[in-house]
Amino acid sequence: MWKKDKPIEEIAEITGFATNTIYIMIRKYKDSGISALKPQKRGRKSGEKRTLTPEQEKDIIKCITEKNPDQLKLECCLWTRDAVQQLIKQRYGVTMPIRTVGDYLKRWGFTVQRPMKQAMNQKPEQVQEWLKKEYPSIHEAARKEGAEIFWGDETAVQNESNYARGYAPKGQTPVLKVQSKKLHINMISAISNQGKIHFMLSDQSFNSERLIEFLERLIKDVGRKIYLILDNLRAHHSNATSEWVEQHKDQIQLFFLPPYSPEYNPDEYLNHDLKQSIGTRQMVKDKDELQSRADDFMEQLSDDSDHVKSYFKHPKLKEYDDFED
């Protein structure tokens, strides 16, 4: 309209712009062309007017990434907004609003996550010895001997372990009716990274006798020598178990994970999956129903080798150099 010699007042009436704004736009256009009229980013520049300097931010990020709160004498077990707020106050004397702390954490790429639990008695040097030396030796020996590596574990499924969540009106907590009698079923299983799975359910307490019964079945089903990796349960090291394994050493050998290190056993994640599956369904009424549900889940899992293989992709198991048989 300006190029067509329309009066500024008429342009203002048509567009709704103030005349002063139109004069400014025309001047910018004359000086720098149409690009000068493109919308500009408004507000503060990135990093402007922040409470912490870039160097202080880097220091706080390093503390959160490399240390736990208790190492810095903070009364927290994990990094929360409160803990970070205390850390900033401790190091720089800055009292930052809790909401602002959340904004900083989001900007730094931190998210709220459920922690992975680790036994306090676990010894890192033993874990590294296992990951870098012992397991690679087992893997190489199995390859030379034509043996198949399995990972075994035991668990108990209970009727009281329920993970269900449901909607209800605000302030009215939903009620889940449960059996007053405690019920549980024991299971021992073994899996390979090829997706093979073997399991045995029992309503009896797990001991050397139950373990040997399972090992006998495993040998029969697999059909070649087995290298079975277990944790350090007492029944695994008992005299009865050791004597039986010695008598069948041409068919099976047992190896043991570092103490207090269940997260390095892929079969542990199968146990979590089983409990989650049963715990999110309707409450069981008796032991037979509990065993039936556990058996149904495991039978379905036996036909789904890809699902079994997925347990070996857990982030914690990436510390192994190689899982190939």
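Our structure's up above, just so we're on the same page.
Residues numbered from 1 in each chain as written. Predicted model: local features only at pLDDT ≥ 70, side-chain atom pairs only at ≥ 80, totals over all residues. Heavy atoms only, no water.

> Summarise the overall build of the protein chain; cite the residues concerned and give the values.
Scanning the protein chain from terminus to terminus reveals twelve helices and five strands. In terms of C-alpha radius of gyration, the protein chain reaches 32 Å, well past the compact-globule figure of 20 Å for 325 residues. With the principal axes as the frame, the protein chain shows a C-alpha extent of 105 × 50 × 45 Å. Among the 325 residues that make up the protein chain, the fraction classed as buried is 36%. Sequence separation of 24 or more characterises 68% of the internal contacts of the protein chain that already satisfy a separation of 6 or more. If you sum the accessible surface of the protein chain, you get close to 21600 Å²; carbon and sulfur atoms cover 47% of it. (Helix = DSSP H or I, 4+ residues; strand = E, 2+ residues; numbered from the N terminus. Rg over C-alpha atoms; globule rule 2.2 N^0.38 Å. Buried < 20%, exposed > 50% of the residue type's maximum accessible area, 1.4 Å probe, protein only. Contact = heavy atoms within 4.5 Å. Areas by Shrake-Rupley, 256 points an atom, 1.4 Å probe, with all protein chains shown as cover.)

> Which residues make up the sheet that holds strand 4 (residues 226-230), and what values go with them?
Whenever strands of a sheet pair, they do so through backbone hydrogen bonds, lying parallel or antiparallel. The strand order across the open sheet built from five strands is 3-2-1-4-5, with neighbouring strands paired in mixed fashion. Of all the strands in the sheet, just strand 3 (197-202) and strand 5 (252-256) have a single pairing partner and so form its edges. Direction aside, neighbouring strands of the sheet carry axes that sit 25 degrees apart on average. As paired strands, strand 4 and strand 5 are joined by five bridges and run parallel to one another. Considered in strand 5, the bridge of L228 is made with L254. (Pairing = 2+ DSSP bridges. Axes fitted to C-alpha atoms, helices over the stretch in contact; angles between N-to-C directions.)

> Give me helix 3 (residues 54-66): which residues, what numbers.
Here helix 3 spans 18 Å end to end across 13 residues, near enough to the 18 Å set by a 1.5 Å rise per residue. Every buried residue of helix 3 is accounted for by Q56, E57, I60, C63 and I64. The arc enclosing the buried residues of helix 3, seen along the axis, measures out at 125 degrees, which places them on a common side. Every exposed residue of helix 3 that faces more than 90 degrees away from the buried side is listed here: P54, E55, K58, T65 and E66. On its buried side, helix 3 packs onto helix 4 (81-92) and helix 5 (98-108). (Expected span 1.5 Å × (residues − 1). Arc of directions from axis to C-beta.)

> Could you give an account of the pairing of strand 3, naming the residues involved and the relevant values?
In regular strands, side chains alternate between the two faces of the sheet. Among the six residues that make up strand 3, six are buried, leaving the element largely enclosed by the rest of the structure. The alternating pattern of strand 3 places I197, F199 and L201 on one face and H198, M200 and S202 on the opposite face, and all of these are buried. Across six bridges, strand 2 (residues 184-191) lies against strand 3 in antiparallel orientation. Residue pairing in the sheet places I188 in a bridge with M200 of strand 3. Hairpin remark: strand 2 followed by strand 3, antiparallel, with five residues in the connecting loop; positive phi at G195, about 95 degrees.

> Residue-level account of the packing of helix 4 against helix 5, with values.
Between helix 4 and helix 5, the least distance of the axes is 9 Å, while the angle of their chain directions is 95 degrees. One way to sum up the angle between helix 4 and helix 5 is to call them roughly perpendicular. Side by side, helix 4 and helix 5 meet where R81, D82, V84 and Q85 of the first sit next to I98, R99, V101, G102 and L105 of the second. Each residue belonging to the contact of helix 4 with helix 5 can be placed in one class, and the counts come to four nonpolar, two polar and three charged. (Parallel < 35°, antiparallel > 145°, perpendicular 65-115°, else oblique. Nonpolar A, V, L, I, M, F, W, Y, C, P; charged D, E, K, R; others polar.)

> How would you explain a nonpolar patch on the surface if you had to name every residue and give the values?
Taken together, the side chains of F17, M25, I34 and L37 define a hydrophobic patch exposed on the protein surface, amounting to about 350 Å² of accessible area. Note that M25 resides in helix 2 (residues 19-32). (Patch = residues over 30% accessible without salt bridge, like charges linked within 9 Å, V, L, I, M, F, W, Y side chains within 5 Å. Salt bridge = Lys/Arg side-chain N within 4 Å of Asp/Glu carboxyl O.)

> Give me the lowdown on a negative patch on the surface, citing residues and values where you can.
Together, D296, E299, D303, D304 and D306 make up a region of like negative charge exposed at the surface. Tracing the sequence through the fold places E299 in helix 11 (residues 287-302). (Lys, Arg positive; Asp, Glu negative; His and termini not counted. Charge placed at Lys NZ, Arg CZ, Asp CG, Glu CD.)

> So what's going on with the nonpolar core? Residues and values would help.
In terms of nonpolar packing, the biggest core is built from 37 residues, with W130, W151 and Y320 touching the most fellow members. Contributing elements (two or more residues each) for this core: helix 6 (124-145), strand 1 (148-158), strand 2, strand 3, strand 4, helix 10 (267-279) and helix 11. The leading source of residues in this core is helix 6, at six residues. Membership of the second largest hydrophobic core comes to 18 residues, among which are L211, L215, L218 and I226. (Core = buried A, V, L, I, M, F, W, Y, C linked by side-chain atoms within 4.5 Å.)

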